[in-house]
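These are the residues of each chain, in order.
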Amino acid sequence: MAGRYARALFELALDAKIVDAVKADLEKFDAMISDSADLHRVVRSPVFGAEEQGRALAAVLDKAGIGGLAGNFLKLITANRRLFAVRDMIRDFRKLVARWKGEVTAEVTVAEKLSDARLEELKATLKSITGEKAVDLNVKIDPSIIGGLRIGVGDEVIEADIATRLAKAAETLPR
């Protein structure tokens, strides 16, 4: 289901020549969900009805300045009771945009927010490793990895985080 909605939105954005603007708005909304436990609860909880979700979403979108096609899309999926799957839709939309642009998307998990300089350094490194025209980063913050990072590109996963290293070290220690 998420793929169908993402594909429809992508085709509309492509026709209107606003793919990058829609992607930016969706990424802003995704970041807001990550940053707000209350918004996450409104998006995911079946307890809230479509009207309640719609009112909350309208306020959030207005405050964030998200409108146009992305705003209408978010309102539509809310009215259709599909808001719970919005993050999957955003993920699938990103994949469609990346394929269209000839980019590769890397899923990066870090313990704390990276500076813009570090993000650009990571993009450049992954670009040279993958040989793609560009690398799009989907960064998630997970303090449980303690430090370092995990990178997933396609089927490949690089685990360079402290939590994984500690777990591997614990397995080798005699009991």
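Residues numbered from 1 in each chain as written. Predicted model: local features only at pLDDT ≥ 70, side-chain atom pairs only at ≥ 80, totals over all residues. Heavy atoms only, no water.

Undergrad: Explain the overall build of the protein chain here, please?
TA: Secondary structure assignment for the protein chain yields 8 helices and 4 strands. Sequence-ordered secondary structure for the protein chain, helices as α and strands as β, is α-α-α-α-α-α-β-α-β-β-β-α. Taken over the C-alpha atoms alone, the protein chain extends approximately 60 × 40 × 30 Å along its principal axes. In the protein chain, 68% of the contacts between residues at least 6 apart in sequence involve partners at least 24 apart. Of the roughly 10500 Å² of accessible surface on the protein chain, a fraction of 54% belongs to carbon and sulfur atoms. Computing the positive centroid from 28 side-chain charges and the negative centroid from 27, the protein chain places the two 2 Å apart. (Helix = DSSP H or I, 4+ residues; strand = E, 2+ residues; numbered from the N terminus. Contact = heavy atoms within 4.5 Å. Areas by Shrake-Rupley, 256 points an atom, 1.4 Å probe, with all protein chains shown as cover. Lys, Arg positive; Asp, Glu negative; His and termini not counted. Charge placed at Lys NZ, Arg CZ, Asp CG, Glu CD.)

Undergrad: Looking at this structure, how should I read helix H1 (residues 2-16)?
TA: Between its terminal C-alpha atoms H1 stretches 21 Å, which fits the 21 Å expected from 15 residues at 1.5 Å a residue. All buried positions along H1 are accounted for by Ala2, Tyr5, Ala6, Leu9, Phe10 and Ala13. Axial view of H1: buried residues confined to an arc of 130 degrees, hence all on one face. Facing away from the buried side of H1, by more than 90 degrees, are the exposed residues Arg4 and Asp15. Here the buried face of H1 lies against helix H2 (19-35), helix H5 (68-79) and helix H6 (86-101). (Expected span 1.5 Å × (residues − 1). Buried < 20%, exposed > 50% of the residue type's maximum accessible area, 1.4 Å probe, protein only. Arc of directions from axis to C-beta.)

Undergrad: When you look at the pattern of salt bridges in this model, what are you seeing that I'm missing?
TA: Close approach of charged atoms lets side chains of opposite charge pair. For the structure shown, the criterion picks out 12 salt bridges. Across the salt bridge formed by Asp20 and Lys101, the nearest N and O atoms sit 2.5 Å from each other. Placement of the pair is Asp20 in helix H2 and Lys101 in helix H6, with a sequence separation of 81 residues. A salt bridge links Asp92 to Arg91; the shortest N-O distance between them is 3.0 Å. Judged by relative accessible area, which is 14%, Asp92 ranks as buried. (Salt bridge = Lys/Arg side-chain N within 4 Å of Asp/Glu carboxyl O.)

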